[in-house]
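A look at the structure
Here are the chains, one letter per residue:
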Amino acid sequence: MRPQIDKPLGRVWLGIDIGTQSARVYAVSSDGEVVGSGAVALRSRRDGDRHEQDAHTWWPAVAAAGRAALDGVDPARVRGLATCATSGTILLVDGAGAPLTPALMYDDARAVSQAAAIDAGGAFEHRMSPSWALPKLRWLLEQRPELARGARAAHQADVVTRALVGHEVPSDSSHALKTGYDQQQEAWPQRLLDDPAPTGRRAGPAAEVLGELLPEVVRSGTRLGEVCAAAAEASSIPAGTPVYAGMSDSCAAQFAAGALREGDWNSVLGTTLVLKGMSAHRVRDRSGVLYCHRAPDGSWLPGGGSSCGAGVLSTHFPGRDLDELGRRADAFEDTDVLAYPLVSPGERFPFTAPSAEAFVVGEPAGEAEHFAALLLGVALVERLCFDYVDLLGAPTGGALTLTGGATRSRRWCQLRADVLSRPVRLVEQPEAAVGMAVLAASADGEGPSAADAMVRTREVIEPRSERAAPLTASYLRLVDELQRRGWLGAPLADHARARSRG
């Protein structure tokens, strides 16, 4: 008789995800089984357009989550780890890696004047949003000019990887993108390196330039070092475990979705809608609406985030049972009410329109039809996003995987498949931490097959052909309305109409 393979003795990779609300560690086997997980809550402070977090809390939270994830897991099975965190979060640390300032989080938008000044200089390909890391770094230095000498800029993931390895390590190019890192040249732009760091004096020493604060950067998947003894004791992660450079949280979610072949896309629908794809060539967008991360193998991950999303449901129906409203909304599948479901004023993808506002055209018969119109509106915006990436020349013919909190509603997933007229795939474990385990396995020598083995498909939902015509009519109404209001430009509007005609 052929001996059976004891699956529990297989290899395990760890994924670390440091978010706004928690730090998570997942232990994932080579066949995609989550053999352990841990999560520890994090707190942050919000005040208007400001959002800060105490970076001192990150490593203790990760260590505690690691102990929980590895409880009962044989240390000999652990082969490597990678870390993801929020994109655009920045702080200053001292020479030993200790935080000197609060972390300005991914959606902190205080650096308005700094972003405008950077854009006016025209040194960067991407338009700088106030929430990007570089404007916020300049804000920090203007507020604390005495830190310009001796401090280092750090992204959220950098604080944790340094604690894991026990000494300073490079940042990864994914987290460094919003700090101005040039992913095409794989280097900091020279103009950025030479920029004077605010010192509070008219003329500081020559060494006081922004480049002195910026970390070394390597491509995601690069080996940074090994878990040191002190980190092992705190976290239960075995000493000597390889630590690989990770990626921002949205890229990590793409790895968890297994959307890693040419033309594959991952659509993440949570509070807002985020699309991430895979392309062999860099997809360029002069408007800055879409931008590309660099994949570990040198290919590109184009993507963008809309201000529309599922957050609009809780805004309109606070405290309500959204599942129950979703069931009632089934009766209004053919609603003529048209909704543009912005979560907050201003749109950023698939077009830029700071003045854009949510709207509803038509009078819903009641809350169930209003709910149905919002569900449909999000799906229509998702279709417009795909028309935009197609307009830019991005490949879109691969598999589409849906992740995010909205995938809990199968009805909504079916509607999205119908609106897009393409099959959509759901996975068993869409968490960003799982994506980092997949990245670690790929970097460890498993190669592209790691995602094939570790990402488990839960279901594939096929579009209903009979829904194509009425939903296309609704889509074209939305395109017309957005253009009439002056938010949607003619190139995308015309392209959307042309694609709809087939």
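Think of each chain on its own: its residues are numbered from 1, step by step along the sequence as written. The predicted origin of the model limits local features to residues at a pLDDT of at least 70 and limits the giving and counting of side-chain atom pairs to 80 or more, whereas totals for whole chains, interfaces and linings rest on all residues. Side-chain metrics in this entry use all non-hydrogen atoms of the structure; hydrogen atoms and water are not considered.

1. Section: the overall build of the protein
Starting at the N terminus, helices and strands are each numbered in turn, a helix being any DSSP run of H or I of at least four residues and a strand any DSSP run of E of at least two. Of regular secondary structure, the protein possesses 16 helices and 22 strands. With C-alpha atoms as the basis for the radius of gyration, the globule rule is written as 2.2 Å multiplied by the number of residues raised to the power 0.38. The C-alpha atoms of the protein give a radius of gyration of 23 Å, which matches the 23 Å a tight globule of 502 residues would have. If you line up the protein on its principal axes, its C-alpha atoms span 80 × 60 × 45 Å. The buried label applies to any residue whose accessible area, calculated with a 1.4 Å probe on protein chains only, is under 20% of its type's maximum; exposed applies above 50%, and partly exposed to all values in between. Looking at the 502 residues of the protein, the share that counts as buried comes to 57%. In the protein, of all internal contacts separated by at least 6 residues, the share reaching a separation of at least 24 is 71%. A total of about 20300 Å² of accessible surface is found on the protein, and carbon and sulfur atoms cover 49% of it. Charge separation in the protein, taken as the distance between the mean sites of 52 positive and 61 negative side-chain charges, equals 1 Å. Contacts: residue pairs with any heavy atoms within 4.5 Å of one another. For accessible areas, the Shrake-Rupley method is used with a probe of radius 1.4 Å. Any residue's cover is judged against the shown protein chains and nothing else. In this count, Lys and Arg are taken as positive residues and Asp and Glu as negative ones, while His and the chain termini are left out. A charged residue contributes its charge at one atom only: NZ of Lys, CZ of Arg, CG of Asp or CD of Glu.

2. Some remarks on unusual backbone geometry
Cis peptide bonds are those with omega within 30 degrees of zero, and the linkage from Phe349 to Pro350 qualifies with 20°. One can find Pro350 in the loop between strand 18 (338-340) and strand 19 (359-361). The phi angle at Ser236 is positive, at roughly 70°, despite the residue not being glycine. Structurally, Ser236 is set in the loop between helix 7 (229-235) and strand 13 (242-248).

3. Regarding the sheet that holds strand 21 (residues 424-427)
Paired strands, in this sense, are two strands between which DSSP finds at least two bridges. With mixed pairing, seven strands are arranged side by side in an open sheet as 16-17-15-14-20-21-22. The sheet terminates laterally at strand 16 (291-294) and strand 22 (457-461), the two strands that pair on one side only. Strand-to-strand twist across the sheet, computed as the mean angle between neighbouring axes with direction ignored, equals 25°. With four bridges connecting them, strand 14 (residues 265-269) and strand 20 (residues 400-403) associate as parallel partners. Following the sheet pairing, Ser267 is matched in strand 20 by Leu402. Interaxial angles span 0 to 180 degrees and are taken between N-to-C directions of axes, which are lines fitted to C-alpha atoms, for helices over the stretch in contact. Packed on one face of the sheet, helix 8 (residues 249-257) meets strand 14, strand 15 (273-277), strand 16, strand 17 (300-305), strand 20 and strand 21 and runs near 65° to strand 15. Along the sheet face, helix 12 (residues 410-420) touches strand 14, strand 20, strand 21 and strand 22 and points at about 50° away from the line of strand 22.

4. Description of the packing of aromatic side chains
Side-chain rings of Phe, Tyr and Trp, where Trp is taken by its six-membered ring, are said to pair if the distance between their centres is within 6.5 Å; with planes under 30 degrees apart they count as stacked, over 60 as edge-to-face, and otherwise as tilted. Per the stated rule, a full pass over the model turns up eight aromatic pairs. Ring centres 6.1 Å apart and planes at 35° place the aromatic pair Tyr340 and Trp487 in the tilted group. Here Tyr340 is found in strand 18, whereas its partner Trp487 is found in the loop between helix 15 (468-484) and helix 16 (490-500), with 147 residues between them in sequence. By relative accessible area, which is 1% here, Tyr340 ends up buried. Following the ring pairs from residue to residue traces out a cluster consisting of Tyr340, Phe359 and Trp487. In this scheme, Lys NZ or Arg CZ marks a charge over a ring once it lies within 6 Å of the ring centre and within 35 degrees of the ring normal. The positively charged end of Arg422 is found above the aromatic ring belonging to Phe386, 5.4 Å away from the centroid. It is Arg485 that lies over the ring of Phe359; its NZ or CZ is 3.8 Å from the centre.

5. Looking at the confidence of the model for the protein
Averaged over all residues, the pLDDT of the protein equals 92, while 95% of them reach at least 70. pLDDT: the predictor's confidence for each residue, scored from 0 to 100. Counting interchain partners and residues more than four positions distant, the pLDDT-below-50 stretch residues 1-8 has three contacts. The low-confidence segment residues 200-207 (pLDDT under 50) makes five contacts with residues lying over four places distant or belonging to another chain.

6. Let's talk about helix 11 (residues 367-391)
One less than the number of residues in a helix, times 1.5 Å, gives the span that helix is expected to have. For helix 11, spanning 25 residues, the distance from its first C-alpha to its last is 36 Å, which sits close to the expected 36 Å at 1.5 Å a residue. Within helix 11, 22 of the 25 residues are buried, which leaves the element mostly enclosed by the surrounding structure.

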